[in-house]
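Given next are the chains, with one letter for each unit.
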Amino acid sequence: MFWLIILLAVAGATLATYFYDDDAHFVSRVAAGTATGFAALGLAGFVLASFLGLGVLSLLLSALIVSLPLALLLRPDWRARVRFDLTAARRELGDALNRPSWGTTGLLVSFVFVAVVLGLVFGRAMFVRGGGVYTGVDNNLGDLPFHLAIISGFLHGENFPPVHPEWAGARLTYPFSVDFVAAMFARAGASLEAALFWENLLLALALVVLLFRFALRLTRDRLAACFAVALTLLSGGLGWARFGREWWRGSLGLGEFLWRLPHDYTITHDGSFRWGNAVTTLLVPQRGLLMGLPLALIVITSWWLATRAGDDEVSAATESQVEAEKGKSKKAKKGRRPETITAPPFAPFASVPFVSRLSAAEARMLGAGLVAGLLPLVHAHTFVVLMLVGGCLALLFRGWRAWIVFFAAASVVAAPQMWWATRESAARPGSFFEFVVGWDRGTQNPFWFWLKNAGLFIPLLVAALAWRGRVPIVPRRLLLFYLPFTLLFIICNAAKISPWVWDNIKVLFYWYVASVPLVALLLARLWRAGLATRAAAVALIICLTLAGALDVWRVLAETSEQGTFDANGVAFAELVKRETAPRALILHAPTYNHPVYLSGRRSLMGYAGHLWSQGIDYVGREREVKNIYAGSPDAEGLLRKHGVEYVVVGPLERSGLSVNESYISSFSKVGETGGYKLYKVVP
């Protein structure tokens, strides 16, 4: 059932791409279908589960809703078009395997290599061994338990409507769609480990394809698009210089040192490096971005294609047709009989009353708006970025009707989610904004800080923008399209827009993603200019990606391994699930990895670092938690005030709190395992 739900969601959303994307390659369609299918599945599933519970019925109904576009295959014209695209994709794969070339085989081998690396990385994001839960990605140590708490709340805590897993009494306003989809997969029969792995990997592969297409569309340069994928996934700064110093001053050989890397090189605890690698610092720990970024790329690519005005792109042909035409012309030159690759007649919205009256650009914008509307419960920062940048682009480009269609479609889908998510929030609005110059630089000079953290990326970006020779690297239209993204860099370097200033990276990263194709164009130009400049391009690529590659390699080499929940903690979570009601309120130590999170039960207070970064004022409740465990005179009144039903005493409580064992033991003990004791407060 787990794979059936995935197949239905991806297939239905893939077919839906024909409504708004008339010229996508079939592989790009599947990638877009994966991202939009998962997001739509999460939204539909959450609405249904809120009324029916997270059971078989809600799972099947949500999968059925997302797969509704498959009914279009009953029409001959739809079947013919899909058959044509499948044939074209199969032909390209056959050419790549039977007639190797850099353009086809090289691209296929590169994708397989990236897929293997991402599979290994996400295999280390969470794994179970000896009954305990571990992560092999250092930056995931604090985030993994939080996401597991959200997932467990849906699975085991009947958390509808969802309350915050670490702050009882407050609505969960943190975007949770990616975690809800994982919960759906787990309810459909997958283990929690498998649910997370396959969701992560499929979204990551979709991201790679959509990132390549985004860069290819903007640059119309396949080499630049390949460079763009590498620069994004292996992002980093000059941390490789620290690696070189540490190796040179140490006693280990280079090979041995590489297998024992002591820390990450794109983000460090001393505050010197803060621009963490995209994979190890963002996509693995920040799970919402893993779903939000592919959706954003679909939208931004649609903007670019919808705002084109009389350029020389052939809108009526698919990308696969263009590639096939190239192959046909080569075969014709060699005297071989060319294959027929003409697409069958196809009008995807001819029978849809409203959509049939839209122009091609407006239909594309309609699809982009619906995709953008899925984002509020997926990744709120991404939604805000798209609304801001989209508003600026609407002022810069003609076609106001298309932009009205986009914002109207986005609002229809997004408005109910935003209304629902912002009600009864415990976050303090005032904690989200403050003027701070230079992002998370601390006391470092902002220019030196960015040179260290982004390396030569910003100088190369400036060079690409300034290159105005006979053939400028960045054409005028692309420059105009890029300009609004620079606002993201300016805003995030002028103000704190999250309670924790480092979280500005969730917006900053979109400036980086939009900038990457421009830098990639410059590198592609250098690559083709001659032997000397090709050597310079290679040196620059290494400089830009080496620190990120070291961080990714550190995960692959299994250098680091962090225990999140030990076997005793996992066993205690099972005890809690057996002995307490699904929505029971439990008091435990306010730490990031308490085993109660695995039970799905509500916590009076969780990790202060998570709460602070989400704008929640936790100080008063933290004091009350300490008073209860200390058995202070107001302890019983505080328990009644918050409606606490159970209290935990275990290793984490004893190590982080002053526990009055005689007071706590006056309550009825429900169970004990692995050093953890569960007491019932209410008789």
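Residues numbered from 1 in each chain as written. Predicted model: local features only at pLDDT ≥ 70, side-chain atom pairs only at ≥ 80, totals over all residues. Heavy atoms only, no water.

Participant: Give a description of the overall build of the protein that names residues and reports values.
Facilitator: Along the protein, the regular secondary structure elements total 28 helices and 10 strands. In terms of C-alpha radius of gyration, the protein reaches 26 Å, essentially the compact-globule figure of 26 Å for 683 residues. Along the longest, intermediate and shortest principal axes, the C-alpha atoms of the protein span 90 × 65 × 50 Å. For the protein, buried positions account for 55% of its 683 residues. Taking contacts inside the protein between residues at least 6 apart in sequence as the whole, the part at least 24 apart equals 74%. Total accessible area computed for the protein in this model is approximately 28,000 Å², and 65% of it derives from carbon and sulfur atoms. For the protein, the centre of its 63 positive side-chain charges and the centre of its 46 negative side-chain charges are spaced 8 Å apart. (Helix = DSSP H or I, 4+ residues; strand = E, 2+ residues; numbered from the N terminus. Rg over C-alpha atoms; globule rule 2.2 N^0.38 Å. Buried < 20%, exposed > 50% of the residue type's maximum accessible area, 1.4 Å probe, protein only. Contact = heavy atoms within 4.5 Å. Areas by Shrake-Rupley, 256 points an atom, 1.4 Å probe, with all protein chains shown as cover. Lys, Arg positive; Asp, Glu negative; His and termini not counted. Charge placed at Lys NZ, Arg CZ, Asp CG, Glu CD.)

Participant: Mind laying out the nonpolar core, listing which residues take part and the relevant values?
Facilitator: Of all hydrophobic cores here, the largest spans 160 residues; its most connected members are Leu54 and Trp303. At 18 residues, the largest contribution of residues to this core is made by helix α21 (residues 505-529). If near-sequence neighbours (up to four positions away) are discounted, Leu54 is found in contact with Ala49, Leu59, Phe154, Leu155, Phe160, Phe180, Ala183, Met184 and Arg187. Judged by nonpolar contacts, the second largest core, of 38 residues, contains Phe572, Val596, Leu639 and Val649. (Core = buried A, V, L, I, M, F, W, Y, C linked by side-chain atoms within 4.5 Å.)

Participant: Just give me the short version of helix α1 (residues 2-20), but keep the residues and values in it.
Facilitator: Look at α1: 28 Å from first C-alpha to last across 19 residues, which is about the 27 Å you get at 1.5 Å a residue. Among the residues of α1, Phe2, Ile5, Ile6, Ala9, Val10, Gly12, Ala13, Thr14, Leu15, Thr17, Tyr18 and Tyr20 are the ones counted as buried. (Expected span 1.5 Å × (residues − 1).)

Participant: Account for the sheet that holds strand β1 (residues 127-129), naming residues and giving values.
Facilitator: Ordered in space as β1-β2-β5, the 3 strands form an open sheet in which the pairing is antiparallel. Single-partner strands in this sheet number two, and they are β1 and β5 (562-565). Taking the axes of each pair of neighbouring strands and ignoring which way they run, one obtains an average angle of 45° across the sheet. Alignment of β1 against strand β2 (residues 132-135), held across 3 bridges, turns out to be antiparallel. For Val128, the partnering residue across the bridge sits in β2 and is Val133. (Pairing = 2+ DSSP bridges. Axes fitted to C-alpha atoms, helices over the stretch in contact; angles between N-to-C directions.)

Participant: Which residues make up the packing of aromatic side chains, and what values go with them?
Facilitator: In this structure the tally under the stated criterion is 51 aromatic pairs. On the numbers, 5.6 Å between centres and 50° between planes, the contact of Phe154 with Phe176 is tilted. You can see Phe154 sitting in helix α6 (residues 143-156) and its partner Phe176 sitting in the loop between α6 and α7 (177-187), a full 22 residues away along the chain. Between Trp259 and Trp553, the aromatic rings sit 5.0 Å apart at their centres with planes inclined by 70°, giving edge-to-face as the arrangement. With a gap of 294 residues between them, Trp259 in the loop between α11 (254-258) and α12 (278-283) and Trp553 in helix α22 (residues 531-556) connect regions that are remote in the sequence. Residue classification places Trp259 among the exposed positions, given a relative accessible area of 53%. These aromatic residues form a ring-pair network of at least three members: Trp275, Trp439, Phe449, Trp450, Phe457, Phe489, Phe509, Trp511 and Tyr512. For Arg29, the ring lying beneath its charged end belongs to Tyr18, and the centroid distance is 3.8 Å. (Phe/Tyr/Trp six-rings, centres within 6.5 Å; stacked < 30°, edge-to-face > 60°. Lys NZ or Arg CZ within 6 Å of the ring centre and 35° of its normal.)

Participant: Describe the packing of helix α19 (residues 457-466) against α21, listing the residues and the values that go with them.
Facilitator: Axis separation between α19 and α21 bottoms out at 9 Å; the angle between their running directions is 65°. For α19 against α21, the interelement crossing comes out left-handed. Together, Phe457, Ile458, Leu460, Leu461, Ala463, Ala464 and Leu465 of α19 and Trp511, Tyr512, Ser515, Val516, Leu518, Val519 and Leu522 of α21 make up the contact between the two elements. Class assignment for the residues of the contact of α19 with α21 results in 13 nonpolar, 1 polar and no charged. (Left-handed = near helix turned anticlockwise from the far one by under 90°. Nonpolar A, V, L, I, M, F, W, Y, C, P; charged D, E, K, R; others polar.)

Participant: Give a description of the side chain of His610 that names residues and reports values.
Facilitator: As for its position among the elements, His610 is in helix α24 (residues 608-613). When residues no more than four places from it in sequence are discounted, the contact partners of His610 are Gly142, Phe146, Glu166 and Tyr592.

Participant: Explain unusual backbone geometry residue by residue, including any values.
Facilitator: The omega torsion of the bond from Phe160 to Pro161 falls at -10°, within 30 degrees of zero and hence cis. Residues other than glycine seldom take positive phi values, yet Trp439 does so here, at roughly 55°. Summarising the element assignment, Trp439 is placed in the loop between β3 (434-435) and α18 (446-454). Not every positive phi belongs to a glycine, and Glu558 is a case in point at roughly 55°. Here Glu558 lies in the loop between α22 and β5.

Remember, this is a structural readout, not a statement about activity or role.
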